[in-house]
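Breakdown of the fold
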Amino acid sequence: MGITPVMLTGDGQGAADQIARNVGIESVFAEIKPAEKASTIATLKEQGGIIAMVGDGVNDAPALAAADVGIAMGSGTAVAIETAGITLMRSDPRMVSDAIRLSKQVVMTIRTGLFWAFAYNVIGIPLAAMGVLSPVFAGAAMALSSVSVVGNALTLRLWRPQAND
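A brief structural summary. (Residues numbered from 1 in each chain as written. Predicted model: local features only at pLDDT ≥ 70, side-chain atom pairs only at ≥ 80, totals over all residues. Heavy atoms only, no water.)

Brief notes about the overall build of the protein chain
Selection criterion: Every helix listed is a DSSP run of H or I at least four residues long, and every strand listed is a run of E at least two residues long, numbered separately from the N terminus. In this setup the radius of gyration rests on C-alpha atoms only. A globule is expected at 2.2 Å times the number of residues raised to 0.38. Note on exposure labels: buried denotes an accessible area under 20% of the residue type's maximum, exposed denotes more than 50%, and partly exposed covers the range between, all computed with a 1.4 Å probe on protein chains only. Two residues qualify as a contact provided that any one of their heavy atoms is within 4.5 Å of a heavy atom in the partner residue.
Along the backbone of the protein chain there are six helices and five strands. Across the protein chain, helices and strands are ordered from the amino to the carboxyl terminus as β-α-β-α-β-α-β-α-β-α-α. The globule rule puts the C-alpha radius of gyration for 165 residues at 15 Å, and the 23 Å found for the protein chain is more than 25% above it. Taken along its principal axes, the extent of the C-alpha atoms in the protein chain is 75 × 30 × 30 Å. Classification of the 165 residues of the protein chain by burial places 27% in the buried group. Of the contacts made within the protein chain by residues no fewer than 6 positions apart, 30% connect residues no fewer than 24 positions apart.

Rendered as structure tokens:
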């Protein structure tokens, strides 16, 4: 997905390195305190890019708040869930990629809806103002515009998670 994962953990260096090797994470910050997690997030943000933080505990809350996008696990502490912008319903870190894919699909759907609403108005309003369209037809076109935008949004119901990477 073009994402560079970084592990920030209060756990010991040996345990963190072992987990990182198992899941393919190259950059590991271990044995760090909650405030250090937040400052590490700030440093990573300064290097550019969008920073997402995944966490589940009280110790993760400052980093979740500091990140561009905070993602909490559903079984996490109340403070982590309240601090994060996104909460996964299950405590499966593999769901993060699904959340990212769904977010991208939502943005694309919103843009498509805005395009069609704008197109209807760019065409319909001048035609109605010039008297080319009757008020009845212009009203029907406006209703059709709303129906097409809602119909486009409903296509999100068809979205399904991919097999995890």
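Points about the layout of surface pockets
Worth spelling out the cut-off: Note on definitions: the grid is 1 Å and covers protein atoms alone; a cavity is a set of points where a 1.4 Å probe fits but cannot get out; a pocket is an open set with protein on both sides within 12 Å along at least five of seven lines; lining residues have an atom within 4 Å of a point. Grid points are joined across faces, edges and corners, and a volume is the space filled by probe spheres set on the points. Each residue gets one of three labels, nonpolar for Ala, Val, Leu, Ile, Met, Phe, Trp, Tyr, Cys and Pro, charged for Asp, Glu, Lys and Arg, and polar for the others, Gly among them.
Here the largest pocket is characterised by a volume of approximately 1800 Å³. Taken together, 44 residues form the lining of the largest pocket, with P5, V6, A52, V54 and V96 sitting closest to its centre. Broken down by secondary-structure element, the contributors of at least two residues to the lining of the largest pocket are β1 (6–8), α1 (13–23), α2 (34–46), β3 (52–55), β4 (69–72) and α5 (95–129). Here the lining of the largest pocket gets six residues from one element, more than from any other, and that element is α5. Space inside the second largest pocket adds up to approximately 160 Å³. As for the second largest pocket, its lining consists of 12 residues, and the residues nearest its centre are R90, M95, D98, A99 and P161. Per-element tally for the lining of the second largest pocket: the top contributor is α5, with four residues. The class makeup of the residues in the lining of the second largest pocket is seven nonpolar, two polar and three charged.

Some points on α2
Keep this limit in mind: By this rule the span expected of a helix is its residue count minus one, scaled by 1.5 Å. The directions from the helix axis to the C-beta atoms form the arc being described.
Between its first and last C-alpha atoms α2 spans 19 Å; for 13 residues at 1.5 Å apiece the expected length is 18 Å, and the two agree. The set of residues buried in α2 consists of K37, A38, T40, I41 and L44. End-on, the buried residues of α2 take up no more than an arc of 160°, which puts them together on one face. The exposed set on the far side of α2, more than 90 degrees from its buried face, consists of A35 and E46.

Considering the sheet that holds strand β5 (residues 86–87)
Quick note on the threshold: The criterion for strand pairing is that DSSP finds at least two bridges linking the strands in question.
Taken in spatial order, the three strands line up as β3-β4-β5 in an open sheet, and their pairing is parallel. Both outer strands of the open sheet, β3 and β5, are each paired with one neighbouring strand and no more.

Focus on unusual backbone geometry
Despite not being glycine, E31 shows a phi value in the positive range, around 55°. The residue E31 is located in the loop between β2 (27–29) and α2 in this model.

A short note on the packing of aromatic side chains
For any two aromatic rings, the description comes down to two numbers: the centre-to-centre distance and the angle of the planes. For clarity, the cut-off: Note on aromatic pairs: the rings of Phe, Tyr and Trp (six-membered ring only in Trp) are paired at centre separations within 6.5 Å, and the planes decide the class, stacked below 30 degrees, edge-to-face beyond 60, tilted for the rest.
Summed over all chains, the structure comprises one aromatic pair. Seen in terms of ring centroids, F115 and W116 are 5.0 Å apart; in terms of plane orientation they differ by 75°. Their pairing is edge-to-face.

Brief notes about the pattern of salt bridges
Pairing between side chains becomes possible if they bear opposite charge and their charged atoms approach one another. Note the following rule: Whenever a carboxyl oxygen of Asp or Glu lies within 4 Å of a side-chain nitrogen of Lys or Arg, that contact is scored as a salt bridge.
In total, this model carries four salt bridges according to the counting rule given. One salt bridge in this structure joins D60 and K37, with 2.6 Å as the shortest N-O distance. Placement of the pair is D60 in the loop between β3 and α3 (61–66) and K37 in helix α2, with a sequence separation of 23 residues. In terms of burial, D60 and K37 fall into one category: buried.

Topic: the packing of α5 against helix α6 (residues 135–154)
Short version of the rule: As a rule, the C-alpha atoms of each element are fitted with a line to give its axis, helices using only the stretch in contact, and angles between N-to-C directions run from 0 to 180 degrees. Angles below 35 degrees are treated as roughly parallel, those above 145 as roughly antiparallel, those between 65 and 115 as roughly perpendicular, and all remaining angles as oblique.
Contact geometry for α5 and α6: axes closest at 9 Å, N-to-C directions at 175°. Relative to α6, the element α5 is oriented roughly antiparallel. Counting all contacts with α5, which are made through T109, T112, G113, W116, A117, Y120, N121 and A128, the residues of α6 involved are A138, A141, M142, L144, S145, S148, V149, N152 and A153. Each residue belonging to the contact of α5 with α6 can be placed in one class, and the counts come to 10 nonpolar, seven polar and no charged.

Nothing here speaks to function; it is geometry throughout.
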